[in-house]
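Examination of the molecular architecture
Here are the chains, one letter per residue:
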Amino acid sequence: MSAARLTGTKYGCGSGGCGACTVMLSRYDPHCSANACLLPVVSLHGAAVVTVEGIGSTKTKLHPVQERIAKAHGSQCGFCTPGMVMSMYTLLRNQPQPSLEDIREALTGNLCRCTGYRPIVDGFKTFCGCCQNGESGKNCCGGAPAWSQVRTQEKTVQTLVLHLHFQLMLQKGGGGRLCFQGNRVKWFSPADLSDLLELRAAHPNAPLVVGNTNVGELCRRSSPGFCRERVTDPTGTGALWAIAGVTFGSACSLSEVKEELQGAVGRLDPEESRVFQALLNTLRCLAGKQIRNMAVSLPSGAVCLHRLSLHPLYWQFSVAVASYKLTHKLPFSPFAGGTREVPLNEKFFAGFGRTHLRADEVLLSLHIPRSQPWEFVSAFRQAQRREFAFSIVNAGMKVVFKEGTDTVQSLSIFYGGMGPTLLRVKRTCEGLVGMSWNEGLLEEACRLLAEEVALPPTAHGGKTEFRSILSLSFFFKFYMQVVQELREKVGRHKRKRSEPESYLLTILHPSHIQMVSEIQSSKDPVGRPRVHIAAFQQATGEAKYYDDLPAVSGELFVFMVTSTRAHAKIISMDFSEALRVPGAVTFLSARDVPGQNRRLWFNNTEELFAEEEVCCVGQIIGAVVAESREQAKRAAERVRVTYDDLSPVFFTIEVRARILLTVHTSGEASDREHFETPLICGEMYMGGQEHFYMETQGLIAVPRGEDGEMDLYVATQHTPDLEVVGHTLGVDSNKITCHVKRLGGGFGGKVMKIASLSAIAATAAYKTGRAVRCVLDRGDDMLITSGRHPFLGKYKVGFMNDGTILAADITYYSNGGSTLDESSFIMEKALLHMDNGYKIPNLRGHGLVCKTHLPSYTAFRGFGGPQGLTIIESNVDLPAHQVRAVNMYSEEESYTHHRQPFCPRDMVRCWDECLEKSDYSSRRLAVQHFNATNRWRKRGICAVPLKFGIGFSKGFYNQGAALVNIYKDGSVLVSHGGTEMGQGINTKAVQIASRILGVPMSSIHIKETCTGNVPNAAPSAASFGTDAVGMAVKDACEKLMKRLEPVMKAYPKWTWSQWVITEAQGPHTSVDWEKSEGAAYYYFTFGACCSEVEIDCLTGDHKNIRTDIVMDVGKSLNPALDVGQVEGGFVQGLGLYTIEELQFSPDGALRTRGPNQYKIPALCDIPPQLNVHLLADSQNPNAIYSSKGIGEPPVFFGCTLFFAIKEAIAAARRESGLNGRFALSSPATVEKIRMACVDRFTEMVPCPEPGSFTPWAINV
Ligand SMILES: Cc1cc2nc3c(=O)[nH]c(=O)nc-3n(C[C@H](O)[C@H](O)[C@H](O)COP(=O)(O)OP(=O)(O)OC[C@H]3O[C@@H](n4cnc5c(N)ncnc54)[C@H](O)[C@@H]3O)c2cc1C
Ligand code: FES
Ligand code: FES
């Protein structure tokens, strides 16, 4: 699409895992959403593809979907927005009056890292056929015109032409066989089934491609030879119903299967449709909508069985198989009609990714029988995220009873995820035949299962104890379900057909925003919820990110070569093979750097290319430059490096030997007694986090060919950091011009590493004299650039009986990775936040950054704040109302532990309002009642206050710069040093300029951030960007107004354009670490948050029920943008504390290198009730127009979910007689929740001796 200059369709992952590339694919109605990254262009013969550019534009007319997502503030950085738009657009094309459930389903395959999803759903639900409250018949959706009315105007001539085209194609039939020949791949599209069989016989090793959701990924990972030939599948797509069940054509998509089964479940008696219901439950959570639309149904799933969530149910089914030999009745064929029928049982599945299908055979159809009267069937799955995630373990279970009894006639239990292939627990099943379905059977089943499903601790995929326990838990769930259904069958209890879980249907609540005062001029935009100024461009795909810029003539591509060893000497690098790849131009290493091969950061150096030694897997050791990105990638794979491994090798935070830095702060620590008689000692671990900005890192370096000048078009949060490019090239910074239009998310990750990448790309441009583009693949981005530091906090805390904390002594250890990067500043921030909102008379903290052989950890939204705050929260064991009473700062003039004075009044107001608005007290009672009446589900509720320091603790960063030009026509151009990455800094800057200059926002423009206009800017980080930039813009505008004043006074009747014909200093902050005192921050942002969750004690699943946030943002400059920051930050915290888990191999290689392994929050994770309130009447004399920085603080609120989960686990443990404190590390994943809910099942699975085996993944 980039060749067609259609850049609206974005690359976020390349593996179907994010939805940024969503397009609409049409062959004939219905249309379907699909992931462009998985669609080979040759597979699109005869199809129409509509991209975001095809539905509306700012030049002509916006499509209502584009308009509504923009106006609802559903686009922040905008990188996910075109994908969201296309998913919704496709839904509307098929279903003009969608329900909320339809919208939810349509968006399951789209991830957003900025917004928290609420505003996106808000924008889209205006298309619903029902009212927002779920009541039909009223004027819904806030008065927006119903989609059906809009749609009639929407039907374009183009659509009608397409329709006719498809009709003609259908009438003509598919035509003959098509063959596409590329350089490396030959692609056949067979004319019909017999042609397919002939091709299959002729090319038995060629993969058969249908949806390409599996083959596509395999091809990327395997050698090019693998995909030399591909054959597309024209087998049947219809569903054929018969009394005995339903037969699906093997090219039926998962979406079609789902729809067909849904209809059947509605039509049939529940008894007959048990197996369909079980399938549906699994399908609902399988992948995203786009994948389900493309992926063919069960047969291909059967082939790539090692991944499929469905296959444990397959044993119910059978498949019809055909081959050329069969259809041509060659002598050995025992089957009539050219096909044979095969039961899908364990005999069919031969091993990991293999079946007993012959290479020349194809699956024709799949038959699913109806359930019989005394037959009970269920399917279970548990994944890391509730939806759009591969299951960790799944199971299919069926029991048949002797008619009229509860005696087991036959039992079948199959597990997926418990070995390389489908596992049938034959011994267990046979051992239970003839038994009655009662507690005795359960006992025996668990005993047999525990023996039969035991996994070795070294098993692929890790989490072995958890997986074994899950298999028992699933059986227990099945047991209870069957007991219930048996009761119903004999008429003692009636139960309604199972409903989808309520979280699937509930509506996200709108956030509550501040209003401006009535006396404010209607022309003054400050304080009003103005739409992000680029929202429409983002929604139409017109917004340009660095990789959307057209190729410069002669442009090359650079691809990094990274270390595969954690600590080793580089013996040799052989790139001769790489340079033989067609298109390869040159290889770069340290020797090619004309200036310094180093990035210097506060006297710490980091090599750009490793020279002699590597110190982590993923360290850049070289780079290949080629004519195209594919060629560069292929060539990079051919670079051969030999190493000599070195020791020692450290990965984990436990290793204390290699300390880089120690910082120390103490409160009134003189009272040693409190530290020497602590009541509680313990530790808490918090895992790291991947930024997962939707746009991966990269840039274009363009040499200007004169005086060493170079232009960089780059995604950076900190333009001056690119002075490293000057050092690398040996030229002054004034020759390097850095341009930043916008970033597709940053979150702190695009401050440091991008400087090294820029220096490497610039070196490539210098060496070749040509422009060079660098775009990291998602996997390489995750590997090379790393993320948030893992932390371990060890504490001793002394309490009084009423819960008053007398003393706390906390030592923080962070895993810094292989270089210092920003680790010391991050540790400082953790220490400066260790008191949160609590006055602790004796508080002592130490911070140690551990050097390990992992990629260097770096800044991430919150910058150590969340880690610092969380440890103290894990020690405040009191119910919320007591916390405030006994520990919170309360005096008007309070002092932090580093003796910075502040007034906690607004923090206390946030806290009180939060408890009141969340109805904390009565909900706490309801939680207790729920827990008393439910054994296997437990709830928890938690509220925390927040005091978060705003600004950089290094004073020189707390300054902004802006240049404001007024043109003769009266229009205004603002340039500033901040970078726009979705936080709305440009929108706020324009609002401020508009207020002071008195011109409408539409006359003010911000083109880009450019070091040629505004050099030496501070990073857009630390929640301080708008404060610094806002002040600078205000200052610049005021200076201009002062100059204009005499003219304005002399000619008061003139217009603005007739009248018409810079740098601000921020506050200084510093801490004296020797004395442990100083004003570390310019001011504090306050808030409070309360969350309630429910856990499933048997599987570890959890459901976020409700979150209430009260946030003090001072007098908001733009409440819509600030609420967006609060929600987005909270949801990122939700990921940090509950689902996002990085995994490393024992050799220090990152295993989680894409959205299929690493799960960020999706729509399904958002609490159905997410209420955000901005504190009213709050003042802040320290920042622009009394506003407050808001980007970072809300991340910490994710911990309310963590502590609520911990409370729910504690309730579960009490049922097992465990009343004491217990450790739970963050994130509270399904595995950790299940393992902490100790019960009879967890005790049946032996715990392997740590150190006695090599685990699949290690904690770092
Ligand atoms: C982002 C993402 C998320 C996913 N999430 C999940 C999940 O949560 N749970 C889950 O279970 N799966 C998941 N999957 C896997 C997905 O279900 C499979 O990739 C899909 O079923 C394969 O269908 P396809 O049409 O794309 O197959 P293709 O990639 O086209 O082919 C897959 C294989 O099937 C063979 N094949 C296809 N049709 C026939 C036939 N008629 N006869 C013989 N062989 C045939 C092909 O030769 C090939 O080997 C996910 C995939 C992606 C990309
Ligand atoms: S880029 Fe296609 S799904 Fe992520
Ligand atoms: S707005 Fe969704 S990823 Fe940035």
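Model, not experiment: these values are computed from the prediction.

1. Quick word on the pattern of salt bridges
- Under the criterion given, the structure shown has 64 salt bridges.
- Where Arg598 meets Glu611, a salt bridge forms, and the shortest distance between an N and an O atom there is 3.9 Å. Here the residue Arg598 occupies a position in strand β22 (residues 598-601), and Glu611 occupies one in the loop between β23 (604-607) and β24 (613-614), the gap between them amounting to 13 residues.
- Looking at Arg598, the relative accessible area reads 32%, which means it is partly exposed.
- In this structure, the salt-bridge partner of Arg1153 is Asp780, at a minimum N-O distance of 3.0 Å.
- What makes Arg1153 partly exposed here is its relative accessible area of 32%.
- Residue Asp780 is classed as buried on the basis of its relative accessible area, which comes to 13%.
- What emerges from the salt-bridge pattern is a single network uniting Lys477, Arg937, Arg939, Glu1094 and Asp1096.

2. Remarks on the UniProt feature "binding site: FAD" (unreviewed entry) in the protein chain
- The feature "binding site: FAD" (unreviewed entry), as given by UniProt, occupies Leu208, Val209, Val210, Gly211, Asn212, Thr213, Asn214, Val215, Leu363 and Arg381 in the numbering adopted here.
- Looking at the element boundaries, Val209 is found in strand β6 (residues 208-209).
- Positionally, Asn214 belongs in the loop between β6 and α8 (215-221).

3. Side note on the nonpolar core
- In terms of nonpolar packing, the biggest core is built from 211 residues, with Phe124, Tyr415, Trp437 and Phe475 touching the most fellow members.
- The greatest single-element share of this core, amounting to twelve residues, is contributed by helix α16 (residues 464-489).
- Leu556, Leu588, Val725 and Ala759 belong to the second largest nonpolar core, which has 61 residues in total.

4. Here's the deal with helix α20 (residues 629-636)
- Considered for burial, the residues of α20 that qualify are Gln631, Ala632, Ala635 and Ala636. End-on, the buried residues of α20 take up no more than an arc of 130°, which puts them together on one face.
- Its buried side turned inward, α20 meets β19 (556-562), α19 (576-580), β21 (584-588) and β25 (620-626).

5. Quick word on the sheet that holds strand β40 (residues 972-976)
- In space, the three strands of this open sheet follow the order β39-β40-β41, with mixed pairing throughout. Each edge of the open sheet is held by one strand with a lone partner, namely β39 (962-966) and β41 (1004-1005).
- Across the face of the sheet, helix α30 (residues 985-997) comes into contact with β39, β40 and β41 while running at roughly 130° to β40.

6. Topic: the pairing of strand β44 (residues 1102-1112)
- Judged by how many residues are buried, β44 sits mostly within the fold: ten of eleven residues are covered.
- Here strand β43 (residues 1083-1096) runs beside β44; their pairing, made up of ten bridges, is antiparallel. Considered in β44, the bridge of Phe1086 is made with Asp1112.
- Between the antiparallel neighbours β43 and β44 lie five residues, among them Gly1100 with a positive phi of about 90°.
- As paired strands, β44 and strand β45 (residues 1169-1174) are joined by six bridges and run parallel to one another. Each bridged residue has a counterpart across the sheet, and for Arg1106 the counterpart in β45 is Gln1169.

What counts as what
Each chain carries its own residue numbering, running from 1 in the written order of its sequence. Written order determines the labels here, with chains lettered from A and ligands numbered from 1. Given that the model is predicted, a residue must reach a pLDDT of at least 70 before its local features are reported, and side-chain atom pairs must reach 80 or more before they are shown or counted; all residues, however, enter totals for whole chains, interfaces and linings. Computation of side-chain values: all heavy atoms of the structure, hydrogens and water removed. Each salt bridge in this description consists of a side-chain nitrogen of Lys or Arg and a carboxyl oxygen of Asp or Glu lying within 4 Å of one another. Secondary structure follows DSSP: runs of H or I at least 4 residues long count as helices, runs of E at least 2 residues long count as strands, and numbering of each begins at the N terminus. Only protein chains enter the accessibility calculation, which uses a 1.4 Å probe. A residue is then buried if its area is under 20% of the maximum for its type, exposed if over 50%, and partly exposed in between. UniProt positions are given in the numbering used here, feature names are shortened, and annotations may be inferred rather than shown by experiment. To qualify as a nonpolar core, a set must consist of buried Ala, Val, Leu, Ile, Met, Phe, Trp, Tyr and Cys residues joined through side-chain atoms within 4.5 Å. Comment: arc refers to directions from the helix axis out to C-beta atoms. Contacts are assigned to residue pairs that have any heavy atoms within 4.5 Å of one another. Two strands are counted as paired when DSSP detects at least two bridges linking them. What counts as an axis is a line fitted to C-alpha atoms, over the stretch in contact for a helix, and the angles between N-to-C directions run from 0 to 180 degrees.

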